[in-house]
Amino acid sequence: MQDKLLALKDEALAQIGAAQEVRQLQEVKVKYLGKKGPITEVLRGMGALPAEERPKVGQLANEIRRQIEEELEARIRELEQKQLEEKLQQEKVDVTLPGRPVREGTTHPLNGVIEQIEDIFLGMGFKIAEGPEVESDYYNFEALNLPKNHPARDMQDSFYITEEILLRTHTSPVQVRTMEAMKGQVPVKIICPGKVFRRDTDDATHSHQFMQIEGLYVDEGVSMSDLKGILLQFAREMFGQNQQIRLRPSFFPFTEPSAEVDISCILCGGTGCRVCKHSGWIEILGSGMVHPWVLERAGYDPNKYTGFAFGMGVERIAMLKYGIDDIRHFYTNDGRFLSQFGRI
Ligand code: 2U9
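Residues numbered from 1 in each chain as written. Predicted model: local features only at pLDDT ≥ 70, side-chain atom pairs only at ≥ 80, totals over all residues. Heavy atoms only, no water.

J.: Can you walk me through the domain arrangement of the protein in this structure?
T.: Interfaces are frequently sized by the accessible area removed from exposure as the parts join. For the protein, the assigned domains are domain 1 (2-91) and domain 2 (109-341). For domain 1 and domain 2, the distance between their C-alpha centroids amounts to 87 Å. (Domains from an automatic or database assignment.)

Now the structure itself:
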C-alpha cells in the first residue's frame, strides 16, 4: 500500500511539473486530491490493514497529500508569474517612438471677435452681464418703450413661444434686468453679449439667429460726449488707431436722442470704394441716450441720472474686420473657412 502511495506521488508530481497552464493544474488537483481520487481510495482501504500499520500509512498519505498541494501551489505561482511576464512583454510601450500629431482646433471667428470686444470694454471699466435667451414680452419689449401695438413687436418679426414668451430679439432685456437688480445703485456700466433671434429670411447678410453686444452706462452726469469718447476708443482699438467715427441722427424707441455710428472705411480710409459704397463711411452700430421713461421703469430717477446705450451685431463687425462676404459662413462649420482664423 505504501508503494502504491509513493507511486501515486511520483505520478502526480510528474504531471505537475509537465503542466503548462493553470487549468491543467486544477485538473491534477481534482484528479489526485479530490474525494474520488486514488489517495482517498487508498485511505478508504486501510480497514483491511493490520492495526499497527494503519497510523504509518495514514501519516504517509497525509504527507503525500501535503507535498502534492505544496507543489501545485508553487507551480501555479510560477505559471502566473510567467503569464504576467509574457503579458508585460506583449503590451510594452516604446516611449521613444515619435507621437502622432494632434489636430488642434481654432477659435471660431465670432468667439474671437466677442472676446476682442469684451477686452476693449473691460479695459474701459465695463462689466459683462448675461441673461436668458427665452424672454418675457415685458423685458424684451414693454420695459424698453415698445408698447403692445408697436410695429417692431409684430408676430411676423419675432419667434413667439406663447403670447407672453418669446426668443429675445435683442440683448437689451439683460440691461433692464441688471438695472432692476441693482435697485438704483450707480454706476451701471455693462456690456451684454449673446445670441438673439429674429424671424428673418436667411441670406448673405441676414440670419434668423445672430450675436449681439450691447452696452449701457448709467450714472449722474453721463452725456452724449461720453458716448462719443467711448465709441471712438472702441473703433480705434478694434479697427486701427487712425479711425474716425461719425454720428448720424436716428430713432430707437428706447433711446432719445439716437444715433447711428459710422467708422471711416476700413478699406479705403475715406476716399470711397466698393465696400463703403463710395461714401467713405461704414455703419457699425446704433446708440443713444437712454430714454427717461426706460430709466424710470427700471428704478432710476431720470431727473438725477442719465445714461447712454449702444448695440452692435457681432457678425457684421467680424465680416468687416476679416472681409467675409456671407454671414452663413459663420454657421456652416466648414473647416476650410474656420481653420483660416487660427487662435484669435
Ligand atoms: C436699455 C436701454 C437702451 C440698446 C441700443 C441700438 C441702439 C442698436 C442694433 C445694432 C445692430 C441692433 O444688432 S443690431 O441689429 N442696436 O442700434 N441698441 S441703442 O439700447 C438700450 C438697451 C437697453 C435698457
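J.: Before we go on, may I ask you to explain the side chain of N140 in this structure?
T.: Position of N140 among the secondary structure elements: in helix 6 (residues 137-140). A distance of 3.0 Å separates the side chain of N140 from the side chain of T169, its partner in a polar contact. With residues near it in sequence (within four places) discarded, N140 still touches E135, L146, L166, R168, T169, H170 and P173. (Helix = DSSP H or I, 4+ residues; strand = E, 2+ residues; numbered from the N terminus. Polar contact = N/O pair within 3.5 Å; in protein donor to acceptor, adjacent residues only side chain to side chain. Contact = heavy atoms within 4.5 Å.)

J.: Just to check I follow, could you spell out the side chain of T107 for this structure?
T.: Considering the arrangement of structural elements, one finds T107 in the loop between helix 4 (54-90) and helix 5 (109-122). In this structure, T107 is in contact with G112, F341, G342, R343 and I344, ignoring residues within four places of it in sequence.

J.: Can you walk me through the packing of helix 2 (residues 22-33) against helix 4 in this structure?
T.: Packed helices, taken two at a time, are described by the angle their axes make and the gap between the axes. It is at 10 Å that the axes of helix 2 and helix 4 come closest, and there the two elements cross at 170°. Taken as axis vectors, helix 2 and helix 4 run roughly antiparallel relative to one another. Contacts between helix 2 and helix 4 pair V22, L25, V28, K29 and L33 from the former with R65, I68, E69, L72, R75, I76, L79, E80 and Q83 from the latter. Per-class residue counts for the contact of helix 2 with helix 4 are 8 nonpolar, 1 polar and 5 charged. (Axes fitted to C-alpha atoms, helices over the stretch in contact; angles between N-to-C directions. Parallel < 35°, antiparallel > 145°, perpendicular 65-115°, else oblique. Nonpolar A, V, L, I, M, F, W, Y, C, P; charged D, E, K, R; others polar.)

J.: For this particular structure, what's the right way to read the pattern of salt bridges?
T.: Opposite charge on two side chains permits pairing when their charged atoms draw close. Scanning the entire structure with this criterion turns up 15 salt bridges. Here E27 ties to R23 by a salt bridge, and the two come within 3.1 Å at their closest N and O atoms. One end of the pair is E27 and the other is R23, both in helix 2 and 4 residues apart, which spans about a single turn. When its relative accessible area of 47% is taken as the criterion, E27 is described as partly exposed. (Salt bridge = Lys/Arg side-chain N within 4 Å of Asp/Glu carboxyl O. Buried < 20%, exposed > 50% of the residue type's maximum accessible area, 1.4 Å probe, protein only.)

J.: Explain the site of the ligand here, please?
T.: Inspection of the region around the ligand gives 21 residues, with Q175, Q212, F252, G286 and G311 positioned closest. For the ligand, an oxygen atom lies 2.9 Å from a polar atom in the side chain of Q212. The fraction of the free accessible surface of the ligand (570 Å²) that becomes covered by protein chains is 88%. At the level of secondary structure, the elements contributing two or more residues to the shell around the ligand comprise helix 7 (172-182), strand 5 (209-219), strand 8 (281-290) and strand 9 (306-313). Looking at the shell around the ligand element by element, the count peaks at 5 residues for strand 9. Residue composition of the shell around the ligand, grouped by class: 11 nonpolar, 8 polar and 2 charged. (Near = heavy atom within 4 Å. Areas by Shrake-Rupley, 256 points an atom, 1.4 Å probe, with all protein chains shown as cover.)

J.: I tried to follow the nonpolar core on my own but got confused; where do I start?
T.: In a soluble, globular protein the nonpolar side chains are often hidden away together inside. Counting 44 residues, the largest nonpolar core has I117, F121, F234, F308 and M312 as its most contacted members. Breaking this core down by element, the ones donating at least two residues are helix 5, strand 5, helix 8 (224-239), strand 7 (255-264), strand 8, strand 9, helix 10 (314-322) and helix 11 (335-338). It is helix 8 that provides the largest number of residues to this core, a total of 7 residues. Here F234 is in contact with I117, I120, F121, M124, I284, L285 and M312, once residues within four sequence places are set aside. Membership of the second largest hydrophobic core comes to 23 residues, among which are M179, V188, V290 and A298. (Core = buried A, V, L, I, M, F, W, Y, C linked by side-chain atoms within 4.5 Å.)

J.: What's the story with the packing of helix 1 (residues 2-18) against helix 2 in this structure? I'm lost.
T.: Between helix 1 and helix 2, the shortest axis-to-axis distance is 10 Å and the interhelical angle comes to 165°. Our classification of the angle between helix 1 and helix 2 gives roughly antiparallel. Here the hand of the crossing between helix 1 and helix 2 comes out right-handed. Listed contacts from helix 2 to L8, E11, A12, Q15 and I16 of helix 1 are L25, V28, K31 and Y32. Classifying every residue of the contact of helix 1 with helix 2 by side-chain character gives 6 nonpolar, 1 polar and 2 charged. (Left-handed = near helix turned anticlockwise from the far one by under 90°.)

J.: I would appreciate a short explanation of the UniProt feature "coiled-coil region" (unreviewed entry) in the protein in the present structure.
T.: Residues annotated in UniProt with the feature "coiled-coil region" (unreviewed entry) correspond here to residues 62-89. As annotated, residues 62-89 comprises 100% helix and 0% strand, and the C-alpha atoms at either end are separated by 41 Å. (UniProt positions renumbered as here; feature names shortened; annotations may be inferred.)

J.: Quick question: what am I supposed to make of the pairing of strand 4 (residues 188-197) here?
T.: Note on strand geometry: in a regular strand, side chains alternate between the two faces of the sheet. The buried fraction of strand 4 amounts to 9 of the 10 residues, a majority that puts the element mostly inside the structure. The sheet contact formed by strand 1 (residues 127-128) and strand 4 spans 2 bridges and is parallel. Opposite K127, over in strand 4, you have I190 as the bridge partner. Of the pairings in the sheet, the one linking strand 4 to strand 5 comprises 10 bridges and is antiparallel in character. (Pairing = 2+ DSSP bridges.)

J.: Please explain unusual backbone geometry as it appears in this structure.
T.: Most peptide bonds adopt trans geometry, and most residues besides glycine take a negative phi value. The residue after V186, namely P187, is reached through a cis peptide bond having omega -5°. With respect to the helices and strands, the residue P187 is situated in the loop between helix 7 and strand 4. Omega for the bond connecting E256 with P257 falls within 30 degrees of zero, at -5°, which places this linkage in the cis form. Topologically, P257 is positioned in strand 7. Its identity is not glycine, yet N145 carries a phi of approximately 65°, on the positive side. Within the fold, N145 resides in the loop between helix 6 and strand 3 (165-167). With a relative accessible area of 21%, N145 lands in the partly exposed category. Unusually for a residue other than glycine, K183 sits at a positive phi of about 45°. Note that K183 resides in the loop between helix 7 and strand 4.

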